[in-house]
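# Breakdown of the fold
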Amino acid sequence: MYRTHTCGELRSEQIGSRVTLAGWVQKVRTLGAMTFIDIRDRYGITQLVADDKSSEKVREEASQLGREFVIAATGVVRERESKNSKMETGDIEVALEKIELLNSSEVPPFTIEDQSDGGEELRMRYRYLDLRRSPLRKAMELRHRMAFEIRRYLDSKGFLEIETPYLIKSTPEGARDFIVPSRMNAGEFYALPQSPQTFKQLLMVAGYDRYFQIVRCFRDEDLRADRQPEFTQVDCEMSFVDREDILSMFEGLIKELFVKVKGLEFKEQFPRMSYAEAMERYGCDKPDIRFGMLINDITEDVKGRNFVVFDSAEYIGAICVKGCATYTRKQLDELTAFVKRPQIGMSGMVYARVEEQGIKSSVDKFYSQEDLARVAAKCGAEAGDLILILSGAKKKTLAGLCALRLEMGERLGLRKADEYAPLWVVDFPLLEWDDETERYYAMHHPFTSPKKEDFDLLATDPGKVRAEAYDFVLNGVEVGGGSIRIHDTKMQERMFETLGFTREKAMEQFGFLINAFKFGAPPHGGIAFGLDRWCSLFGGTESIRDYIAFPKNNSGRDTMIDSPSPVSDEQLKELQITLCK
């Protein structure tokens, strides 16, 4: 056999044992007559030693090894003189008796260690080498553990894992589809699924009342650290349930993962917050509730004092930053520059320092101490606190305050990666209006059920209709979301009508689902979690790329295999596709 043990399992208990290890050479160090070799596999690192007790042949072979050579090494486990507490195998070493070179290696383009000297672009190009590094190995192990525990939990609750198709019909209502041409049906196209939404609803009609799938999904959208063109969802659906059933079932899953993977126990029910409250107090629908610093509407408190910026604004909001009244003018100018960045787009920022002797602000000539005291009281500010104020159009200003709040939380160390604050956000709007196309769009998707008490508003005031929709938010990141679905044919047709679909268009795109509902669709609902995002949160990093074995870069390219790439004229001809020049 190539090995008797892995490079991560030897301990003091094996001292005196003759073992064979196989793996990659991470480092070679020659100190006089002794050569030390760190051999690595995915389980860990073990130190090998060729010294005066080893044969001359072994000493010579050891000194000629290079980084990333693949070897098998045989020797006797002995106690290490200089123990290394940072290594799991740091109490022992292997005195070499034999080295077998299994394969040599070119010098790698970057060091394959925890802290590599390779930039991200270079490491993406040689991803198979990057995956040898311990941080990525741990990320892959975390992903495996989470997927395993998810399957175990859902299986224990009676869920069936059922695969759904990857080549489906394009439904352009959501994000942009990836389109796949059909050779056998010239001029027609498949789409890669953005989610298995319609298929899991069909499975409910088919009577499979508890379904799940850890499934690949595809969206042709602009990328950033937490987005990839292909990503993995934990996709779930249940029949004969209401919202409370869904939240209870999957809160159980989330708590189980915290216990099994992170060793953390949440005994209390996760807090719930309405969409309306999240927007008003946090400025977004995925609030980070690890810290306070809530947004306060001070519009009526500061208007009418001849300060044109405030008097002309639709909305004025403020946050109170505890203990920061000592901020210097330079620090405040930095914050002003932050909110004026194009990504946020505010025109400026007003501040007020709450001190023992009074309140000093950047708008003192317009406001009396009594005016500022009312604002301070509204914000819950005390001596030593700093009030930061933004104004403008309400939606934009709330978004700016959200960004400012998160920036201050980051600067003050309030957003700790090892602290977790789970939250359910509920009662989302069913629809959102688009001024450009002058029509409503589904905020989630067109199969989301309105709340029963809002049914009548569909005909009179669609913008006020709330949905039976919910998101799971962890540390300010949306990890999952779902809804109770429409299961009544007439309600579904009414929803399509509100969205501007003609009956013909609705049947063309979703006729298969509408027809299925005619054969007895049960009440049903579900949820989908982003596995990559979930892993990154549990792993304490922002980017999901580390938790995907072979990710794409910000341009949607796989630089390792050079994809996407052109195809031959013969392939295009078979598909009856002509490229525009």
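Residues numbered from 1 in each chain as written. Predicted model: local features only at pLDDT ≥ 70, side-chain atom pairs only at ≥ 80, totals over all residues. Heavy atoms only, no water.

### Focus on the pattern of salt bridges
Evaluated as defined, the whole model comprises 51 salt bridges. With its nearest N and O atoms 2.8 Å apart, the salt bridge here joins R411 to E407. Linking R411 with E407, this pair stays in helix α12 (residues 394-411), spanning four residues, or about one helical turn. Taking the relative accessible area as the measure of exposure, R411 reaches 36% and is therefore partly exposed. Taken together, the shared-partner salt bridges connect R243, E244, R272, D427, K451 and E468 into one network. (Salt bridge = Lys/Arg side-chain N within 4 Å of Asp/Glu carboxyl O. Helix = DSSP H or I, 4+ residues; strand = E, 2+ residues; numbered from the N terminus. Buried < 20%, exposed > 50% of the residue type's maximum accessible area, 1.4 Å probe, protein only.)

### Here we look at the pairing of strand β16 (residues 386-392)
Among the seven residues that make up β16, six are buried, leaving the element largely enclosed by the rest of the structure. With four bridges joining them, strand β14 (residues 350-355) and β16 adopt antiparallel strand pairing. Residue pairing across strands places Y351 opposite L388, the latter belonging to β16. (Pairing = 2+ DSSP bridges.)

### Re the packing of aromatic side chains
Tallied over the full model, the rule gives 25 aromatic pairs. Note on F266 and F270: the rings are 5.8 Å apart at their centroids and 90° apart in plane angle, and the pair reads as edge-to-face. Ring geometry for F496 against F501: centres 5.3 Å apart, planes inclined by 50°, an arrangement best described as tilted. Among the residues examined, F496 registers a relative accessible area of 1% and is labelled buried. The buried category is assigned to F501, whose relative accessible area is 6%. Here R405 stacks its cationic end above the ring of F291, 4.0 Å away from the centre of that ring. Geometry around Y441 places R439 over its ring, the cationic atom sitting 3.8 Å from the centre. (Phe/Tyr/Trp six-rings, centres within 6.5 Å; stacked < 30°, edge-to-face > 60°. Lys NZ or Arg CZ within 6 Å of the ring centre and 35° of its normal.)

### Focus: the environment of L31
With respect to the helices and strands, L31 occurs in strand β1 (residues 18-31). Note on L31: relative accessible area 55%, which makes it exposed. Between the alpha carbons of L31 and D51 there is a distance of 9.7 Å; along the sequence they are 20 residues apart.

### A short note on the sheet that holds strand β13 (residues 315-321)
Pairing in this open sheet of five strands is antiparallel, and the strands run β12-β13-β16-β14-β15 from one edge to the other. Because the sheet does not close on itself, it has two edges, and the strands there are β12 (296-297) and β15 (358-361). Here β12 runs beside β13; their pairing, made up of two bridges, is antiparallel. In the sheet register, N296 faces β13, and the bridge partner there is A318.

### A word on helix α5 (residues 197-205)
Of the positions making up α5, those classed as buried are Q197, T198, K200, Q201, L203 and M204. Backbone geometry just downstream of α5 places G207 in the positive-phi region, at approximately 100°.

### Points about unusual backbone geometry
Look at the link from S563 to P564: it is a cis peptide, with omega at 5°. Turning to its location among the elements, P564 is positioned in the loop between α16 (531-539) and α17 (569-574). Phi is positive for N306, close to 70°, though the residue is something other than glycine. Residue position: N306 is located in the loop between α8 (299-302) and α9 (308-311). Judged by relative accessible area, N306 falls into the exposed class, the value being 63%. At N475, a position not held by glycine, the phi torsion is positive, near 55°.

### Topic: the environment of R29
In this fold, R29 is placed in strand β1. Sequence separation between R29 and F231 is 202 residues, and the spatial gap between their C-alpha atoms is 42 Å. Every residue in contact with R29, bar those within four places of it in the chain, is listed here: M34, T35, F36, D38 and Q47. In terms of polar contacts, R29 uses its side chain to reach the side chain of D38, at 3.3 Å. (Contact = heavy atoms within 4.5 Å. Polar contact = N/O pair within 3.5 Å; in protein donor to acceptor, adjacent residues only side chain to side chain.)

### Quick notes on the packing of helix α7 (residues 275-282) against α12
Where α7 meets α12, the axes come as close as 8 Å, and the angle between the chain directions of the two elements is 70°. By the criterion of interaxial angle, the relationship of α7 to α12 is roughly perpendicular. For the pair α7 and α12, contact is made by M279, E280 and Y282 and by K394, L398, C402 and R405, respectively. Its residues assigned to classes, the contact of α7 with α12 shows four nonpolar, no polar and three charged. (Axes fitted to C-alpha atoms, helices over the stretch in contact; angles between N-to-C directions. Parallel < 35°, antiparallel > 145°, perpendicular 65-115°, else oblique. Nonpolar A, V, L, I, M, F, W, Y, C, P; charged D, E, K, R; others polar.)

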